[in-house]
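Overview (structure and organization)
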Amino acid sequence: IDFGASRFYFDASLAGSRIESYPLSGDLSVRSVWAEPKSFALAVGGFNPHFQPPAGFPSLSRVALDISDGPLHLHLAAYLAITSNTFQVGASVDLKASVCDCGVNGHFAFDALFIRHPVFSFSVDIDASASISAAGETFASVHVSGTLSGPGPWHATGSASISLLFFSIGVSFDRTWGSPAPASLPAVDPWTGALQAALADPANWYGQLPAGVHPAVTFAAQQSGSVVY
């Protein structure tokens, strides 16, 4: 904690951590400034690939779990981040398995980024693939990737491909729909507008009792040039 700079920071890394016999690794970092301009960033395993980390923020390793048991190899990785204006989350799974001369590879990953201001928006990326090989040669595979963002306007783009022996086919799409996001309104200071003039006008200040309630004190009308108590 640096009180002179109004700053708090905290860094941590997993060391020697395991789930059962499988190693668990990853980094965490927090940066907070409570003086103007205020800022806050918490990252467990890093940030979304489309997000520019704050200046001076360390590079973090994903929170990862490696599971290897004989012919099976499974790698899991994930991250979660919160900043003053965003929420970010993502994960990936990679699988490799082999039996004799045959092998199976699989991959799935997603990255999501939510932004609050100046208008709410989000972007989600998905990537998935799988393949089967024999004797070191891939004879079947499929790959799908895409991005969805919105909501003003909505935008979806992606591609998909399939390969089988000597045959392969691929398709792609890019579509936008919906109304564009409304333009942000200019900043307005309510005090310097009509509010200040309304509060300064004596005609806007008066007291009124509920129906059926009589005042305990009645003020006499003041004559010009006289003071009445």
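Residues numbered from 1 in each chain as written. Predicted model: local features only at pLDDT ≥ 70, side-chain atom pairs only at ≥ 80, totals over all residues. Heavy atoms only, no water.

Overview of the pattern of salt bridges
Using the criterion set out here, one finds 1 salt bridge in the structure. Of the charged contacts in the structure, one is a salt bridge between R31 and D11, with a shortest N-O distance of 3.0 Å. Here R31 is found in strand β4 (residues 27-33), whereas its partner D11 is found in strand β1 (residues 7-13), with 20 residues between them in sequence. Here D11 falls in the partly exposed class, since its relative accessible area comes to 42%. (Salt bridge = Lys/Arg side-chain N within 4 Å of Asp/Glu carboxyl O. Helix = DSSP H or I, 4+ residues; strand = E, 2+ residues; numbered from the N terminus. Buried < 20%, exposed > 50% of the residue type's maximum accessible area, 1.4 Å probe, protein only.)

With respect to the nonpolar core
Core analysis: the biggest nonpolar cluster contains 6 residues, these being A41, A43, F47, F57, L60 and A81. Residues in contact with A81, not counting those within four places in the same chain, are L42, A43, G46, F47, T86, F87 and Q88. (Core = buried A, V, L, I, M, F, W, Y, C linked by side-chain atoms within 4.5 Å. Contact = heavy atoms within 4.5 Å.)

Re unusual backbone geometry
The omega angle of the peptide bond from G150 to P151 is 5°, so this bond is cis rather than trans. Positive phi values are uncommon outside glycine, yet S6 reaches one of about 55°. For S6, a relative accessible area of 14% corresponds to the buried category. The phi torsion at L165 lies on the positive side, around 55°, for a residue other than glycine. Its location among the elements puts L165 in the loop between β12 (154-164) and β13 (167-177).

Some points on the environment of F166
Tracing the chain through its elements places F166 in the loop between β12 and β13. On the basis of relative accessible area, F166 is assigned to the exposed category, the value being 88%. Separated by 27 residues in the primary sequence, F166 and F139 place their C-alpha atoms 8.0 Å from one another.

Considering a nonpolar patch on the surface
On the surface, V104, I132, F139, V142, V144, I162, L164, L165, F166, F167 and I169 cluster together to form a nonpolar patch covering roughly 1100 Å² of accessible area. When contributions to the nonpolar patch are tallied by element, the ones reaching two or more residues are β11 (137-150), β12 and β13. The greatest single-element share of the nonpolar patch, amounting to 3 residues, is contributed by β11. The topology assignment puts I169 in strand β13. (Patch = residues over 30% accessible without salt bridge, like charges linked within 9 Å, V, L, I, M, F, W, Y side chains within 5 Å. Areas by Shrake-Rupley, 256 points an atom, 1.4 Å probe, with all protein chains shown as cover.)

Honestly, it's all geometry; don't read function into it.
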